[in-house]
Number of protein chains: 2
Amino acid sequence: MALDRLKSVAQHVTGSGPPPHPFDPLSNAEIETVAQIVRKEHGKVNYNAITLSEPRKKEMMKWLEDPAHTPRPARIADVVVIAPGGKVCEGLVDILQGKITKWTVLEGVQPLITMEDLQAVEHICRKDPKVIEQCEISGIPKEDMHKVYCDPWTIGYDHRFGSNRRLQQALMYYRPHVDDSQYSFPLDFCPIFDAEKQEIIHIDIPEIRRPVSKAKPNNYHAASVEAEGGYRTDIKPINITQPDGVSFKIDGRIIDWQNWNFHVGFNYKEGIVLNNITYNDKGNVRPVFYRLSLAEMVVPYGNPEHPHQRKHAFDLGEYGGGYMTNSLSLGCDCKGAIHYMDAAFVNRAGESTTIKNAVCIHEEDAGILFKHTDFRDESVIVTRGRKLIISQIFTAANYEYCVYWIFHQDGTIQLEIKLTGILNTYALNPGEDTKGWGTEVYPGVNAHNHQHLFCLRIDPNIDGPNNTVFQVDATQGPGEVGSKENPYGNAFFAKKTKYSTVKEAISDYDGVTSRTWDIANTNKLNPYSHKPVSYKLVSREVPRLLPKEGSLVWKRAGFARHAIHVTQYSDDQTCPAGRHVPQTSGEPSRGIPEWIANGDASIDNTDIVVWHTFGITHFPSPEDFPIMPAEPMTLLLRPRNFFTKNPALDVPPSYCSTPSQVAAKSGALDAADKMSKLVVAGGEAATTSSSSSSCCKK
Amino acid sequence: MALDRLKSVAQHVTGSGPPPHPFDPLSNAEIETVAQIVRKEHGKVNYNAITLSEPRKKEMMKWLEDPAHTPRPARIADVVVIAPGGKVCEGLVDILQGKITKWTVLEGVQPLITMEDLQAVEHICRKDPKVIEQCEISGIPKEDMHKVYCDPWTIGYDHRFGSNRRLQQALMYYRPHVDDSQYSFPLDFCPIFDAEKQEIIHIDIPEIRRPVSKAKPNNYHAASVEAEGGYRTDIKPINITQPDGVSFKIDGRIIDWQNWNFHVGFNYKEGIVLNNITYNDKGNVRPVFYRLSLAEMVVPYGNPEHPHQRKHAFDLGEYGGGYMTNSLSLGCDCKGAIHYMDAAFVNRAGESTTIKNAVCIHEEDAGILFKHTDFRDESVIVTRGRKLIISQIFTAANYEYCVYWIFHQDGTIQLEIKLTGILNTYALNPGEDTKGWGTEVYPGVNAHNHQHLFCLRIDPNIDGPNNTVFQVDATQGPGEVGSKENPYGNAFFAKKTKYSTVKEAISDYDGVTSRTWDIANTNKLNPYSHKPVSYKLVSREVPRLLPKEGSLVWKRAGFARHAIHVTQYSDDQTCPAGRHVPQTSGEPSRGIPEWIANGDASIDNTDIVVWHTFGITHFPSPEDFPIMPAEPMTLLLRPRNFFTKNPALDVPPSYCSTPSQVAAKSGALDAADKMSKLVVAGGEAATTSSSSSSCCKK
Ligand SMILES: [Co+2]
Ligand SMILES: [Co+2]
């Protein structure tokens, strides 16, 4: 076996292929090697995760600086298993050394729920006599149990069952026909599933019963659209092509595009991880972020009735944004010229699995990058922008999250998230009032109010690791109207408040001041503005956590209590709601609440991590059903005082003329897109008024 | 002359062409006809504006309902002229009747500044001895006066000069070379120009003098980019084509696209006007908005020193978003298959002029419209969206505003505005402190803090003209954690507050509650949710007006004091800062402050107008210079409880498979875009891992 292992490992470090980059996710071969090592030592266990234990930052920063003369960081695997009897163990495996370097048995902890864990529950529910009984009460005869479905959710935390048993709650649905959307037929009871015993240990039954809806199915599949008149036929194709190929280069998992350079990682919890993001500023390669990722989420539901308080999924920490990720499809999920990356995981048996096309990398036209016309002579410059998008889509039971990391030519990094998929629904009797805790989106279907709160982990490296965060508030100047200092009352300025300590940094969004946050390197001033080089976090979708202080969600999702937390960098602080999230009680709160316990720790001009919670509060409406049009939200990380000028000035313009060229009527630079056409109808221009236009010539 | 007039008018109402739609802007022929009528009556005058006086709403609503049996609303022109001696007159002309139906001489009022007005100032400045003297003091010899430029701005209001003289302030700049960007060389003094006398009547000279900068030019034109290494060569073309044409139909200025139908108007002040927006809901044509437009803007600058308080341009009311609009260029401003509309205006002499390609109409791919994967069997639907964009770009001296009205298939209307162009700049001495009122974006260049505040006029027609606005706040449920009503502390709901009166509706954004506003028809409930049909205004970029209460800006820009005002509909209330904005003193405040004077007026279930102020506060940085990468802001009008389901279900999916199709391994609907390609390098797939992917087949 050691031979096998060494052989597969050898592919990476010697022989044919180049060694993996230290940030590269574990390969299928590495995963299987690790499983073998663990199996040898600990026998047959259920594998929960085998993932890259990322290199310690200090060591990695050294290597990045001079890879030729620095020892390559070791390939370490982070392993979580569930041994027979439900014993949870975690450890580290040095892959090249072929040995387990750390092994711990954990008590009262549940690692995340895998897709395999989820798949099991429905089958067991269908056979459980108590579930069958409840289905009959709901109006479903026992011969129809194959029409009963469940979305297994993590249980959140239920004090009756604690943390030692590995549990899921089964949100129950009915499908009259196998192709019907089950979310139109929610059932009113909720079985509790014990993963170790593989059985239903309890069923939560509401006081008021709500038999299965008699409404007709509400579907979105082709047959249902055809039955209602068919698909619209008046939408013509838009073709997006790149005949000369793409503008980015790929070396392993390192992307080089328009002065940006970064490594694309991927893991089972966070999904996409962007590492070592640098910007080539006229030959000077400047670090910007050491690491960016979505680190956690929580989706609290707002119906106070038992057991709906348990619905507050931590989709990343409890299921994994990597594990749930879609295999993307050319021409469906992304259009144009696409590069994909696969994702390798371990399955329960310790075999490696692959999600093909887990990450999509492609370019899009970004509209006007900049434009100016001189009104005197109509000399003009118009330059179109381009963006590079690194994306994934993951399915969390009913919901879909589309995550787009977007790089812009002006130095901006944008994170866009689109929410789509299907609302979580609960049963409602005819005439029953939702009491405002939800919306009847279809007869008998109550879609509860909820929030989608994401935690963005920003590990900045703004011209170096020692950074400082400033809160920036648009503020009126001092002095009343008519005063000497503010005679006309028009004074306003950007009030910057330095966060010197962890405590000071605990902060919320302020819409009144259009609050933003500068992540700055105070050791380096912009030569023109004399202000620290910085990246500004511009984020406007920042609802507060609506579950109250002291509530279960508030205790478990400590990261979501505030929009901003800043901590000193620590290699082990990556999971803002704790490393093993399922069934945490929130007593004590894990993750960020632990890390900010020492409020006096300095975050001034040192290696820091910024945690930003953002998202939306979702009050459903019938338009969101039976499948929800994508709802976008976005935030920006924008260079401010980082460059000495617009860094995109050298992007070739579509058209550019100077006053002297306009006067000479020649010399203008015309690189307009010649593929664009005027709309023509029936072989001739639709309007004579526009038929004579030519590019930018006035 | 009457014959000429009748002949040109006849083109529209009889004979060859169809008559203009009552919402159509005046044609060139109509404009010239009107000028002739006015000239006959009032002799030689300077024409400031001849524009459509839109039909009275009551009359127009009737006509829209049954155009075949209702008298067509008359073509009425709204005329503003400046007669010799500076006498300002305005009137109405009935075009078909060929007569002036109303004529008024105005006192103490200045109509907006036209491009012709602006063009004159620079030439006069260059010849003015006092300006030449100041240039010499600044270090510019008098033989270099041809290198001196000015951006003429409306004066705002200066109490020393009042409102009776027609004035502009000349923001002065220097260009070492004719092709150099002048904004790197601001001069420190400010001449005041009298448009009637055509002379400089005063120069504001600061106490501290700031000679012209000796820094080297900071340009963005081709020669300067070439001198610094040239354009980047690593960006490959993206072609966007519609081989089968576009998906919209145009009948005159009426657009029909994906169930949307609306009329595209255009006027000199507001630019694009969208009228009679309806949605065909499965054969039922439902009114949504009677009229949408950007009605006003103000851009206050935050430097308290005299005379910078005068910098607070009302770009629409003082210059006109139509007058300043760009002639757009195929393949530069918009890519793909484009339809353009021209704009017709009057010039000072009373001749009609045309801006070619003033409005761009085109489609874009909109990414994923909705997607869901069933985790059980990977049955999936993925549907891509399309959007229709009606856009214009206008140049306000240094700044460019790109305005995009975007229609989505899910019933959403989005307004996106991109800011680009060049910062307004002022001189700064070496070593001088900006004191926080601006940023030194280049040596000697102080870019002052400012806000861009837009006023969106929403004239709703949500299933009829009688509408009501509700404020919606995401709110925690009552009862503390552990209480009977909120045992788990997780309760939250959408708190809806009806605005019954004008006074109640005066409101601001609240970031804490993620405030939105529902524009609802309380007479019609959604059959599923039992909530009023509505469109929700979702707007997150809503800074408060930073100039203080009682300040000049606060008095003049009354509309900007609050994010929301709601008024009873009135045909004559279209200009939220008043009809003639230049040189208003703000005593009394014009426009909205007048209209909300009766705070008790009912706005409950009646014909209303919603005024929404939004925008950004801009603290410049060197990245914004010498030309600014586009900064986007956006807001949404989303259907909520308006439809009974996702109205885009019948958009053909890229791929759709049901559980039974997955089980049968056939029958899936596959219409994926076959133009999309995997990235290939050197003739073969760049990665073997992705070379085997095919659309959506798992
Ligand atoms: Co939601
Ligand atoms: Co600005």
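The name given to chain A in an unreviewed UniProt entry is Amine oxidase, with the source organism recorded as Amorphotheca resinae ATCC 22711. Annotation of chain A in UniProt includes, under Catalytic activity (unreviewed entry), the sentence "a primary methyl amine + O2 + H2O = an aldehyde + H2O2 + NH4(+)". Regarding chain A, the relevant UniProt record gives this comment under Sequence similarities (unreviewed entry): "Belongs to the copper/topaquinone oxidase family."

Per the UniProt annotation, the sites labelled "domain: Copper amine oxidase catalytic" (unreviewed entry) are residues 238–649 of chain A. Each end of residues 238–649 of chain A is marked by a C-alpha atom, and these two atoms are 30 Å apart; helix forms 4% of the span and strand 50%.

On to helix α5 (residues 129–138) of chain A, then. Residue and element names in this part refer to chain A. Residues V131, I132, Q134, C135 and S138 constitute the buried set of α5. Buried residues in α5, looked at end-on, bunch into an arc of 160°, giving them a common side. Contacts from the buried residues of α5 go to α4 (115–127), β5 (148–154), β6 (167–174), β7 (190–194) and β8 (199–204). Between the side-chain oxygen of the N-cap and the backbone nitrogen of K130 there are 2.9 Å, and the N-cap of α5 in question is D128. A positive backbone phi angle near 105° is found at G139, which sits one or two residues after α5.

Residues and elements named next belong to chain B. With distances of 1.8 to 2.1 Å, the protein atoms coordinating the cobalt ion (ligand 2) are Y399 (OH), H450 (NE2), H452 (NE2) and H618 (ND1). For the cobalt ion (ligand 2), the four donor atoms in the first shell make angles of 90 to 137° at the metal, a pattern classed as irregular. Counting gaps between the donor residues of the cobalt ion (ligand 2) yields the pattern Y-x50-H-x1-H-x165-H. Of this pair, Y399 sits in strand β19 (residues 399–408) while H618 is found in strand β30 (residues 606–618), placing the two residues 219 residues apart along the sequence. Both residues of the pair, Y399 and H618, belong to the buried class.

Further remarks concern the domain arrangement of chain A. Residues and elements named next belong to chain A. In terms of domains, chain A is made up of domain 1 (2–106) and domain 2 (249–422 + 450–618 + 627–640). Centre-to-centre, using C-alpha coordinates, domain 1 lies 28 Å away from domain 2. Listed as interface residues are 30 residues of domain 1 and, on the opposing side, 34 residues of domain 2. Across the interface of domain 1 and domain 2, roughly 2400 Å² is buried in total on both sides, 51% from carbon and sulfur atoms. Among the residues domain 1 hides against domain 2, the three largest losses belong to F23, N28 and K57. Together they make up 26% of the total. Our enumeration of links across domain 1 and domain 2 arrives at seven salt bridges. When the shortest N-O distance is used, the salt bridge between R579 and E90 registers 2.7 Å. Counting the contacts that link domain 1 with domain 2 gives 15 residue pairs in polar contact (both at pLDDT 80 or more). Contributions of two or more residues to the side of domain 1 that touches domain 2 are made by α2 (28–42), β1 (46–53), α3 (57–65) and β2 (76–83). In terms of residue count, β1 provides more of the side of domain 1 that touches domain 2 than any other element does, six residues in total.

How each quantity is defined
- Residues numbered from 1 in each chain as written.
- Chains lettered and ligands numbered in written order.
- Predicted model: local features only at pLDDT ≥ 70, side-chain atom pairs only at ≥ 80, totals over all residues.
- Heavy atoms only, no water.
- UniProt positions renumbered as here; feature names shortened; annotations may be inferred.
- Helix = DSSP H or I, 4+ residues; strand = E, 2+ residues; numbered from the N terminus.
- Buried < 20%, exposed > 50% of the residue type's maximum accessible area, 1.4 Å probe, protein only.
- Arc of directions from axis to C-beta.
- Contact = heavy atoms within 4.5 Å.
- Polar contact = N/O pair within 3.5 Å; in protein donor to acceptor, adjacent residues only side chain to side chain.
- Donors = N, O, S within 2.8 Å, 3.2 Å for Na, K, Ca; no water.
- Tetrahedral: all angles 85-135°; square planar, octahedral: opposite > 155°, others 65-115°.
- Domains from an automatic or database assignment.
- Buried area = accessible area lost by both parts, 1.4 Å probe.
- Salt bridge = Lys/Arg side-chain N within 4 Å of Asp/Glu carboxyl O.

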